[in-house]
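Reading the structure
What follows is each chain in one-letter form.
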Amino acid sequence: MSEFKFACPICGQHITADSKDTGSQIPCPTCYRKIVVPPAPTVADPKFVLSASEANKPRPTATPPPENVLAAPPKTGIPPALIVLLVLACAAGATLFLLRGKILHEKHGGEAASAGTGKPKAQAVVQPEYTGTNRWTLDLAEAEFPDDPVSGSVHHRAFELDRASLTVSNLTLRVGTKGPVELGVNVVFFNRQAEELSGKSAEVKPTDPTAPRVVLHWMEADRKSQTFRGGYAMKVEFGAISNNIMPGKIFLCLPDGGESWVAGTFRAEIHKPSTKGRAPAPPNMPRTQ
């Protein structure tokens with residue numbers, strides 16, 4: 001057995017799987033859509049990332065070009081119809097240039113009117129650099145749960161929790177509420193159902209031989225992620241489920257180059273994707289106590 005990476009065809013999330021899981025259907029830990037694990041690559045290149053397919057929607061196959069199709073012979077010279085089109089295009093460009101002032105005035109006036117109605121314009125939110133107190137430590141004796149919602153520093157960016165969710169045993173803490181995770185953390189516990197985490201607590205030390213998988217997400221020129229299977233420090237406590245919400249507390253510090261950490265309280269929405277066709281959990285994995 002060997003591990004390889006593939007990308008979710010819906011949101012682009014990178015996922016790690018074993019070659020024995022080829023053909024299994026699993027839920028994406030980010031967008032929760034059911035996808036099919038692709039065959040393992042034949043080239044042992046860690047930078048080579050395959051693309052999965054959505055369950056019940058196989059990847060399209062390329063259609064071969066028809067045979068015996070002769071290329072049209074090249075035409076020489078400029079046909080009269082093309083000359084007419086060029087003249088008309090030049091005339092249209094000159095008209096737009098002369099009317100540009102009126103067009104811009106009407107555009108800005110429409111934007112001002114829209115602002116007057118109180119309808120917000122969608123803008124991309126760029127998370128600022130974290131400038132607060134650095135609480136990063138791998139010594140759990142110094143770790144304390146803050147009473148405020150989860151916050152911290154993720155790859156030097158300020159993290160303020162917008163949404164927490166729990167799918168099966170995948171805890172997602174993220175900035176933003178929709179779309180792919182651009183700044184956040186996934187913690188994949190060993191339990192098979194979210195209900196098994198209710199009322200439980202756990203501590204993970206850097207020296208532990210086995211630990212839940214943690215995936216760190218951040219943005220640079222594009223989306224980046226880094227996976228940790230040990231070497232980090234974490235304390236987590238889960239409360240009782242109420243109205244499909246599981247409250248909890250977490251203190252997590254990761255040994256990445258940015259000394260990323262998050263700590264505080266959360267209220268995770270519980271999601272239950274279909275378990276039909278889902279790949280079985282790896283054997284001999286310890287469960288959260």
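Scroll up to find the structure.
Our subject in this report is the structure included herewith. Everything numeric in this text was worked out from a predicted model, so none of it was measured.

1. A few points about the nonpolar core
- Within the largest apolar cluster, 33 residues are counted, with the highest numbers of intra-cluster contacts made by L252 and F266.
- Elements represented by at least two residues in this core include exactly β9 (163-167), β10 (170-174), β11 (184-188), β13 (213-219), β15 (233-238), β16 (245-253) and β17 (261-271).
- Per element, the largest residue contribution to this core is 4 residues, and it comes from β17.
- Setting aside chain neighbours within four positions, we find F266 in contact with V150, L161, A164, L171, L173, E237, F238, M246, P247, G248, K249 and I250.

2. Brief notes about the packing of aromatic side chains
- Applying the stated criterion to the full structure yields 3 aromatic pairs.
- Look at Y130 and W261: their rings are 5.9 Å apart centre to centre, the planes differ by 85 degrees, and that puts the pair in the edge-to-face class. One end of the pair, Y130, is in the loop between α2 (100-116) and β7 (151-154); the other, W261, is in strand β17, and 131 residues separate them in sequence.
- Overall, Y130 belongs to the partly exposed group, its relative accessible area being 23%.
- Here W261 falls in the buried class, since its relative accessible area comes to 4%.
- Ring centres of F238 and F266 lie 6.1 Å apart, and the angle between their planes is 75 degrees; this geometry places the pair in the edge-to-face category. In this pair, F238 is assigned in strand β15 and F266 in strand β17, connecting sequence segments 28 residues apart.
- With a relative accessible area of 6%, F238 lands in the buried category.
- Under the relative-accessibility criterion, F266 is labelled buried at 4%.
- One aromatic cluster in this structure is built from F189, F238 and F266.
- Residue placement shows K235 over the ring face of F145; its charged tip is 5.1 Å from the ring centre.

3. Brief notes about the pattern of salt bridges
- A complete count under the given rule lists 5 salt bridges for this structure.
- In this structure, K20 and D21 form a salt bridge, with 3.3 Å as the shortest nitrogen-oxygen distance.
- Residue class for K20 comes out partly exposed when judged on its relative accessible area of 41%.
- Of the residues examined, D21 reaches a relative accessible area of 13% and is grouped as buried.
- In this structure, the salt-bridge partner of K224 is D222, at a minimum N-O distance of 3.5 Å.
- Overall, K224 belongs to the partly exposed group, its relative accessible area being 33%.

Criteria and thresholds
- Residues numbered from 1 in each chain as written.
- Predicted model: local features only at pLDDT ≥ 70, side-chain atom pairs only at ≥ 80, totals over all residues.
- Heavy atoms only, no water.
- Core = buried A, V, L, I, M, F, W, Y, C linked by side-chain atoms within 4.5 Å.
- Buried < 20%, exposed > 50% of the residue type's maximum accessible area, 1.4 Å probe, protein only.
- Helix = DSSP H or I, 4+ residues; strand = E, 2+ residues; numbered from the N terminus.
- Contact = heavy atoms within 4.5 Å.
- Phe/Tyr/Trp six-rings, centres within 6.5 Å; stacked < 30°, edge-to-face > 60°.
- Lys NZ or Arg CZ within 6 Å of the ring centre and 35° of its normal.
- Salt bridge = Lys/Arg side-chain N within 4 Å of Asp/Glu carboxyl O.

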